[in-house]
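# Survey of secondary and tertiary structure
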Amino acid sequence: METLGYYNGDIGLLDEVRIPMNDRACWFGDGVYEAAISADYTIFALEEHIHRFFNSAALLQMVPEITKTQLAELLYTLVHKVDSPTQSVYWQMTRGTAPRTHAFPEHTSPNLWVMIKPFTMPDIYQKVQLITVEDTRFFHCNIKTLNLLPNVLASEKAKQAGCAEAVFYRGNRITEGSHSNVHIFQDGVFRTAPRDNLILPGISRAHLITHCGELGIPVDETPFTREELFAADEIMISSTSTFCMSASHLNGCKVGGRAPELLRQLQDAFLDAFRRLTRAGSMPIRERCA
Ligand code: PMP
């Protein structure tokens, strides 16, 4: 074969092997991988790669259904099917196949992928040019990216604690939830994290701000702290699927509940707008999307 794709036992050319859309790689990047090089049908440093692979899996609380030896044997079997003296040998394991929810699915087993392609050995004696780039990894929360691993892990923690959502903080600053924005009412003011690179600019958040304007509720978009969250009159989360819900407990402590009328006003405004704008035939689609 010129290239090889393997998925849970199915083998074919890379362009031919099919993956179910609900593989958690597709929605969340929820998996771990390794890449090695084989020359003359020998995989270089395979034990080290397999060791790191199992370690990465354990760190993500994933339990391989294959032993280290079985994996090595499988990779060698597959390497022998590809007609190239030097090969790139890549494999990954994803948490499984399940309908899209952030927290870990209850009933699923890991999926194993392997990709083998011809590899051209680099001319390591050539000089290369480089650039420097600031390390901004995990600082791109404003992008609705598919790389959701930290959100998945936080959501799973919330689920394990019997909670609906996990609220992220950086230093002392509250940023957002694992799949929602977080807001508070304090002394009649609607406070929400600023729209910067540390939060997703939620559509629901934007609607809440608009409704506050209509209701004459002041809005403050400066960062608020963990202490302010605990002491808030009300704590709310918002997202496309939860709309705007308030919290009764945070880390097991009773919170909020001190501005129920204000909260209700805002929730009613949100739901009224939802019902008005979704009424069948209320507006031609062209106008809606203009
Ligand atoms: N932050 C994160 C990390 C989210 O995943 C979501 C939900 N998509 C939100 C905020 C809320 O955004 P929206 O109101 O557009 O659903």
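Just so it is clear, the model here is predicted, and its values are computed rather than measured. (Residues numbered from 1 in each chain as written. Predicted model: local features only at pLDDT ≥ 70, side-chain atom pairs only at ≥ 80, totals over all residues. Heavy atoms only, no water.)

### So, the sheet that holds strand β3 (residues 31–39)
Taken in spatial order, the 6 strands of this open sheet run β2-β1-β6-β5-β3-β4, and their pairing is antiparallel. A strand with exactly one partner marks an edge of an open sheet, and here the two such strands are β2 (10–12) and β4 (42–43). Inspection of the sheet shows β3 paired to strand β5 (residues 86–94) by 9 bridges, in the antiparallel sense. Across the sheet, the residue bridging to Ser 38 is Gln 87, located in β5. In this fold helix α2 (residues 46–59) packs onto β3, β4, β5 and β6 (111–118), with an angle of close to 175° to the strand it touches most, β3. Seen against the sheet, helix α3 (residues 68–79) touches β1 (4–7), β2, β3, β4, β5 and β6 and runs at an angle of roughly 35° to β6. (Pairing = 2+ DSSP bridges. Helix = DSSP H or I, 4+ residues; strand = E, 2+ residues; numbered from the N terminus. Contact = heavy atoms within 4.5 Å. Axes fitted to C-alpha atoms, helices over the stretch in contact; angles between N-to-C directions.)

### Here we look at the site of the ligand
By nearness alone, 15 residues border the ligand, and Lys 144, Glu 176, Ile 203, Ser 204 and Thr 240 come closest of all. Contact between the ligand and Lys 144: a nitrogen atom at 2.5 Å from a side-chain N or O atom of the residue. Contact distances for the ligand include 2.6 Å between an oxygen atom and a side-chain N or O atom of Ser 204. In the complex, 89% of the free accessible area of the ligand, which totals 390 Å², lies under the protein chains. Within the residue set of the shell around the ligand, elements represented by two or more residues are β8 (173–177), α5 (203–215) and β12 (234–239). (Near = heavy atom within 4 Å. Polar contact = N/O pair within 3.5 Å; in protein donor to acceptor, adjacent residues only side chain to side chain. Areas by Shrake-Rupley, 256 points an atom, 1.4 Å probe, with all protein chains shown as cover.)

### Observations concerning the sheet that holds strand β10 (residues 189–192)
Within the open sheet, the 5 strands sit side by side as β11-β10-β9-β12-β13. Their pairing is mixed. The open sheet is flanked by β11 (219–220) and β13 (243–246), the only strands paired with a single partner. Of the pairings in the sheet, the one linking β12 to β13 comprises 4 bridges and is antiparallel in character. In the sheet register, Met 236 faces β13, and the bridge partner there is Ser 246.

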